Amino acid sequence: MGRLTETLTKSLENVVGEAGLIRDSERMQSYLSDWRNAYRGEAALVVRPASTAEVAEVVRLCAQAGIALVPQGGNTGLCGGSIPDASGDQVVLSLTRMTQIRQVDPGNETITVEAGVILQRLQEAAAEAGRLFPLSLGAEGSCTVGGNLATNAGGTAVLRYGNMRDLTLGVEVVLPDGRIWNGLRGLRKDNTGYDLKQLFIGSEGTLGIITAAVLKLYPAVRSRTTAWVALPSTQAAVDLIGRMRGLCGDRLTGFELMSRQSVEFVLRHVAGCNDPFAEVHPWYVLIELSDTLLDAPLNEMLENGLGEAFEQGEALDAVVAGNETQVAALWKMREGISEAQNHEGPSLKHDISVPVSSIPAFIETADQQLQAAFPGVRIVAYGHVGDGNLHYNISKPVGSEDAPFKAQAEAIMHVIYDVTRAFAGSISAEHGLGQAKREAARRYKDPLDLELMRTLKQALDPAGLMNPGKLL
Ligand code: FAD
Ligand code: MLT
Ligand code: ZN
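Quick caveat: nothing in here was measured; it's all calculated off a predicted structure. Here the residue numbering is sequential within each chain, running from 1 through the sequence in written order. Labels are handed out in written order, letters beginning with A for the chains and numbers beginning with 1 for the ligands. Per-residue local features of the predicted model are confined to residues with pLDDT of at least 70, and side-chain atom pairs are confined, for both listing and counting, to 80 or more; whole-chain, interface and lining totals are unaffected and use all residues.

Next up on the list: the environment of Lys189. Helix and strand definitions here come from DSSP, where helices need a minimum of 4 consecutive H or I residues and strands a minimum of 2 consecutive E residues; each element is numbered from the N-terminal end. Here Lys189 shows up in the loop between β9 (180-183) and α7 (197-200). With C-beta atoms placed from the backbone, a residue is labelled by how many other C-beta atoms lie within 10 Å of its own: buried for 20 or more, exposed for 12 or fewer, partly exposed between the two. The exposure class assigned to Lys189 is exposed, which follows from the 4 C-beta atoms found within 10 Å. In this structure the C-alpha to C-alpha distance between Lys189 and Leu169, which are 20 residues apart in sequence, comes to 9.2 Å.

Dropping the structure here:
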């Protein structure tokens, strides 16, 4: 790898201007550690180009000099993918100045946006056009489209609309040598060979820099109903989602599972959150039904489903939000879990997936094995149950020091991933591998998968300058 020289810095400044370059150590800090402060690195420079042409020139100049680049969007990733290594030789390439909404095409039901557009801004732009962009996640106020694409982000509406891969028709990418690949096609059908855009979606910045995308728009939602339901078990959650799907079909747009432990953390740490029930219950789900029709009979459908669930013993208690403030309060309880867990000391995040039907057995087996091997650790299980995606996160035992808990992180992870493998699951359903799960991927992924991935990496980035040390 090369090192940044004063001459190269000057050339980069000529491309991006003074406003696009950060060298001052204090101003650089927020680009060098992640949201949880779980990862920290050093960088030679932060470069913030404002257009695709500028990105291409930055990449070309760095490639010529052998300088490694770390693409970064909103820096909300949860596995250290956007954080440079400790060498201080890498350059952080931040896309946050690329914020243009290039085109809204209502006829084609698409929107073309640049990589630095914040997800919430994209949702607003879709709404302004009378449409819906359905990707929704807790970090939507700060994560960017580029990061969403590079991690193939999921979230709370995947159940109905799919993840970022499903929402994308085309991407524009600056390749590791600085050439611009214009894959910005707004086509729903194109069988002219390999679907190249899919290579870059989920590649975590290791194959090129995503600079723009053509994304799908959906009809706006005009009716919505939201409920918070207490359940006796995780099997009840699996039964209930099947029941609600049968009754409501695609109107079931959210079904989020939360353990009592997760809810307790939120009640303790997130201001304005209150338990809707007087009694304590072991599990909860947040259910959301939505429809494009105004005044769709969603409450009736929900009440029918819940009525059956009470009869079958699947549901113990339920509240239905009566207005938008109550809807927001229920979602805050769900989306506040990540933040709440941060207040309980270091957390170990495992965003696994297993077949939906295996969720109860997965949780039972993993809980038993963990509690036997690491008594007192607090299991914070919640997530997108309809996608088979659980956040099986672990907090340290009450009163214990951080250091001994952190020293057990790898052993805890192996217990969880061994159980995940036993249920034919994935060790990363949402957040990607980044630097956190790179080693685990070597252990848990099929060697042929890894060989094919290395072949692609070698073909596109032979010098290994795109986000080295991540994913592979
Ligand atoms: P960054 O964190 O900046 O980068 C993430 C990765 O993408 C890095 O590897 C980086 O190098 C690469 N990258 C960024 N931009 C580009 C680009 N333009 N070109 C190439 N590579 C690039 N994730 C989910 O999937 N579902 C959730 O429900 C969810 N909930 C979250 C809740 C909270 C509170 C937080 C903090 C995070 C959550 N996340 C979730 C994780 C995170 O928000 C997503 O991974 C998000 O998509 C990352 O976007 P970002 O712009 O912050 O990317
Ligand atoms: C979520 O769904 O809330 C996040 O993806 C989970 C996390 O922060 O671990
Ligand atoms: Zn999630």
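It is worth spelling out helix α4 (residues 119-128) at this point. Those residues of α4 that sit buried are Leu119, Leu122 and Ala126. What you see down the axis of α4 is that its buried residues fit within an arc of 55 degrees, all on one side. Gly130 sits one or two positions beyond α4 and adopts a positive phi of about 75 degrees. Each C-beta atom gives one direction from the helix axis, and the arc is the one those directions make.

The figure often quoted for interface size is the accessible area lost as the parts come together. Taken domain by domain, the protein chain consists of domain 1 (6-97), domain 2 (101-219), domain 3 (223-339) and domain 4 (344-453). Start and end positions for the domains come from either an automated domain assignment or a database one. Each of domain 3 and domain 4 has a C-alpha centre, and these two points are 25 Å apart. With C-beta atoms placed from the backbone, a contact is any residue pair whose C-beta atoms sit within 7 Å. Listed as interface residues are 15 residues of domain 3 and, on the opposing side, 15 residues of domain 4. Only α8 (234-248), β13 (252-259) and α9 (260-269) provide two or more residues apiece to the side of domain 3 that touches domain 4. A class-by-class count of the residues in the side of domain 3 that touches domain 4 yields 8 nonpolar, 6 polar and 1 charged. Residues are grouped as follows: Ala, Val, Leu, Ile, Met, Phe, Trp, Tyr, Cys and Pro are nonpolar; Asp, Glu, Lys and Arg are charged; every other residue, Gly included, is polar.

Next up on the list: unusual backbone geometry. One non-glycine residue with positive phi stands out, namely Ala424, at about 55 degrees. Assignment of secondary structure puts Ala424 in the loop between α15 (409-422) and α16 (438-444). On the neighbour-count criterion, Ala424 (10 C-beta atoms within 10 Å) is exposed. Phi at Leu471 is positive, roughly 65 degrees, even though this residue is not glycine. Classification of Leu471 by C-beta neighbours within 10 Å gives buried; the count is 23.

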